[in-house]
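# Results of the structural survey
The residues making up each chain are set out below.
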Amino acid sequence: MPTTGSDHEDDPIPETHYADLANEIVSKANNMQTTLINVSRSSSSSSFNLKNVDSDNDSAIRSKPSCSSGSSSSSLGSAASASAYSLNSQKLKQPKIVESLSDIRSYEQGGSKTIAITDALIYMLAKDNLPLSTTEKPGFVHFMRKAAPMYKVPSRKIVTKLVQSKYEVLSSLVKSKLSNIEYITITADIWTDIINTTSFLGMTAHFLNNSKLDLESITIGVLELADNHTSDHISEWFEKQLNEWGIQKDKVVNVVTDSGSNIKSAVKKTFNTSGVDKHLPCFAHTLNLVTQRSLNDLEDVQNIISKIKGIVTFFKHSVNASDELRKLCDYKLKQSVPTRWNSVYYMIDRFVLCSTHIASVLINSRQGPSMLSAMEIDIAKEINCMLKPFEVATKELRGEQYITGSKVIPLIHYLIKKCEQVNLINPIA
């Protein structure tokens, strides 16, 4: 109550006085609650620390007698208690109500944490090529409930819209970057998905980033070739991609493709507007054709490759045979792919490495194919000795962080020199 007296009984009490008094009471109550929580949580650790501190202080005081030992011990003990208490109170500080409410609001729609988690989620789906339905799978939903219980996982429809909006933003940034590039090289290729028997046409732009002086590559389009692979159809798609990304034809220095007649004709129709032939055949693809034709034209070599391929196919289809081989060998057999000659090299290399274990499995298999003879295995080894330099050259041409065009002539001389140095014993090889 305010001061009472005859002179002040009728004076009105200011409203700010009650407000200040209420704030003081709330502040003291919060401080008291924090103190009680901290003391209850750290009572064991505080008592342990205080006992150690007090025992150390007592021993120090006993070793140095003084008339004021009682007061010194009391002051040191109180100082140690205050320091230990303040240290524990800093570690176990209870968040304020305002901070807790702010943290809860950050998980609402449009909140800071919701936006940050959603952006990271969209990045994960795009970077790892995950399906958009990942957010609806039970395992992922369970994980998010444990990791961020207050976060609402977006549905597939919302994720689809967010991915589209992100694509629009990033594509505008890429278009802005391409507009400032002076020289661009285009690569295009057609490949077929063997499982689904579907063909695709891809187009990639390569350029030098002037600000970072780094080579950059951006895939600007992939087309499913549902129609015929005619040069007119491919040329129309080339024109569409150039217009969509704002790439001027005079900035395109070269267009690198394989030696297919349809894609070469499409490049000529689209890019050779000034009479300059901008098509550049891919050296890696040419190397692939040379090796494939050499293997296919030699009947004896092709027979050995066919036998190895048949044995690998048997192990791929037979569960019992593959299990037996797994018990004997830590390596898996590799199958060749018709469009990649180096897959033949890897198939033969792995077969020769596991040939002893393969023979022990096939000898106990009634329905299995016949194992290669010792002479045929020696021929397979010599075949790989001839293919090894081509495999090294192919790997060198896969580089994305360095220019491979300047390596063509040195690699040709390397292949000629290595092939001349190979010492073959068997006349078939």
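Residues numbered from 1 in each chain as written. Predicted model: local features only at pLDDT ≥ 70, side-chain atom pairs only at ≥ 80, totals over all residues. Heavy atoms only, no water.

Convention followed: UniProt positions are given in the numbering used here, feature names are shortened, and annotations may be inferred rather than shown by experiment.
In the annotation of an unreviewed UniProt entry, the entry for the protein chain reads Zinc finger BED domain-containing protein 1-like, and the organism field reads Acyrthosiphon pisum. Listed in UniProt under the heading Subcellular location (unreviewed entry), the comment for the protein chain reads: "Nucleus".

### Quick word on the overall build of the protein chain
Stated precisely, the cut-off is as follows: In this description a helix means any DSSP run of H or I spanning at least four residues, a strand means any run of E spanning at least two, and both kinds are numbered starting from the N terminus. In this scheme, a residue with accessible area under 20% of its type's maximum is buried, one over 50% is exposed, and one in between is partly exposed, where area comes from a 1.4 Å probe on protein chains only. Any two residues whose heavy atoms approach within 4.5 Å are treated as being in contact. Computed with a 1.4 Å probe, the accessible areas rest on the Shrake-Rupley method; for each residue, only the protein chains presented here act as cover.
Check the secondary structure of the protein chain and you find 16 helices and five strands. Here the protein chain holds 429 residues, and 29% of them are scored as buried. In the protein chain, the proportion of contacts linking residues at least 24 apart, taken out of those at least 6 apart, comes to 59%. In the structure as shown, the protein chain presents an accessible area of about 28500 Å², 56% of it carried by carbon and sulfur atoms.

### Here's the deal with the pairing of strand β3 (residues 214–224)
What counts, and what does not: A pair of strands is labelled paired if DSSP reports no fewer than 2 bridges between them.
Pairing geometry for strand β2 (residues 198–209) and β3, over 10 bridges, is antiparallel. Among the inter-strand pairings, H206 is bridged to a residue of β3, identified as S217. Hairpin remark: β2 followed by β3, antiparallel, with four residues in the connecting loop; positive phi at L213, about 55 degrees.

### Regarding helix α15 (residues 374–396)
Count 3.6 residues to each turn of an α-helix, and residues three or four apart come out pointing the same way. Threshold: A helix is expected to span 1.5 Å multiplied by its residue count minus one. Think of it this way: the bend at a residue is just the angle between two axes, each fitted to seven residues, one set ending at that residue and the other starting at it.
Helix length check: α15 (23 residues) gives 33 Å between terminal C-alpha atoms against 33 Å at 1.5 Å per residue, within 8%. Where α15 bends most, at L387, the angle is about 35 degrees, and the proline P389 comes one to four residues later.

### Some thoughts on the side chain of Q292
Here Q292 lies in helix α10 (residues 283–297). Take Q292: its relative accessible area is 18%, and that puts it in the buried class. Look past the residues within four positions of Q292 in its chain and what remains in contact with it is P338, T339, R340 and W341.

### Here we look at the layout of surface pockets
The cut-off we apply is this: Put simply, the grid is 1 Å and covers the protein atoms alone, a cavity is a trapped set of points that fit a 1.4 Å probe, a pocket is an open set with protein on both sides within 12 Å along at least five of seven lines, and lining residues have an atom within 4 Å of a point. Grid points are joined across faces, edges and corners, and a volume is the space filled by probe spheres set on the points. The residue classification treats Ala, Val, Leu, Ile, Met, Phe, Trp, Tyr, Cys and Pro as nonpolar and Asp, Glu, Lys and Arg as charged. All others, Gly included, are polar.
Volume-wise, the second largest pocket comes out at about 820 Å³. Counting only elements with at least two residues in the lining of the second largest pocket, the list comes to α5 (112–127), α7 (156–179), β3 and α8 (231–245). Taken together, the residues that form the lining of the second largest pocket break down as 13 nonpolar, six polar and five charged.

### Overview of the sheet that holds β3
Note the following rule: With axes taken as lines fitted to C-alpha atoms, and helix axes fitted only over the stretch in contact, angles between N-to-C directions fall between 0 and 180 degrees.
If you trace the five strands from one edge of the open sheet to the other, you get β3-β2-β1-β4-β5, paired in mixed fashion. Either end of the sheet is taken by a strand with one partner, and the two such strands are β3 and β5 (279–281). Taken over all neighbouring pairs, the strand axes of this sheet differ in orientation by 25 degrees on average, direction set aside. Note that strand β1 (residues 184–193) and β2 share nine bridges and pair antiparallel. Looking across to β2, one finds that T187 is bridged to T204. The strands that α8 touches are β1, β2 and β3; relative to β2, the one it contacts most, it runs at about 40 degrees. Its contacts with the sheet place helix α9 (residues 261–271) against β1, β2, β4 (252–257) and β5, and it is angled at close to 165 degrees to β4.

### Some points on the pattern of salt bridges
Quick note on the threshold: For this analysis, a salt bridge means a side-chain nitrogen from Lys or Arg found within 4 Å of a carboxyl oxygen belonging to Asp or Glu.
Applying the stated criterion to the full structure yields 10 salt bridges. K177 is the salt-bridge partner of E216, the closest N and O atoms lying 3.2 Å from each other. A residue pair is termed long-range when its members are at least 10 positions apart, and E216 in strand β3 and K177 in helix α7 qualify at 39 residues. Given a relative accessible area of 34%, K177 falls into the partly exposed group. One salt bridge connects E324 with K327, and the closest N-O pair in it is separated by 3.7 Å. Of this pair, E324 and K327 both sit in helix α12 (residues 319–328), three residues apart, which is roughly one turn of the helix. A relative accessible area of 38% places E324 in the partly exposed class. Taken together, the shared-partner salt bridges in this structure form one network comprising K388, E391 and K395.

### Let's talk about the nonpolar core
Our working rule: The set of buried Ala, Val, Leu, Ile, Met, Phe, Trp, Tyr and Cys residues whose side-chain atoms join them within 4.5 Å is what this entry labels a nonpolar core.
Residues I308, F315, I348 and I358 are the most contacted members of the largest nonpolar core, which totals 37 residues. Looking at this core, the elements that each hand over two or more residues are α10, α11 (299–317), α12, α13 (342–353), α14 (355–362), α15 and α16 (408–421). For this core, the element with the highest residue contribution is α11, accounting for eight residues. If sequence neighbours within four positions are ignored, I358 has contacts with I311, F315, L325, L333, F351 and M371. If you look at the next biggest cluster of nonpolar residues, it comprises 26 residues, including L178, I181, L223 and I234.

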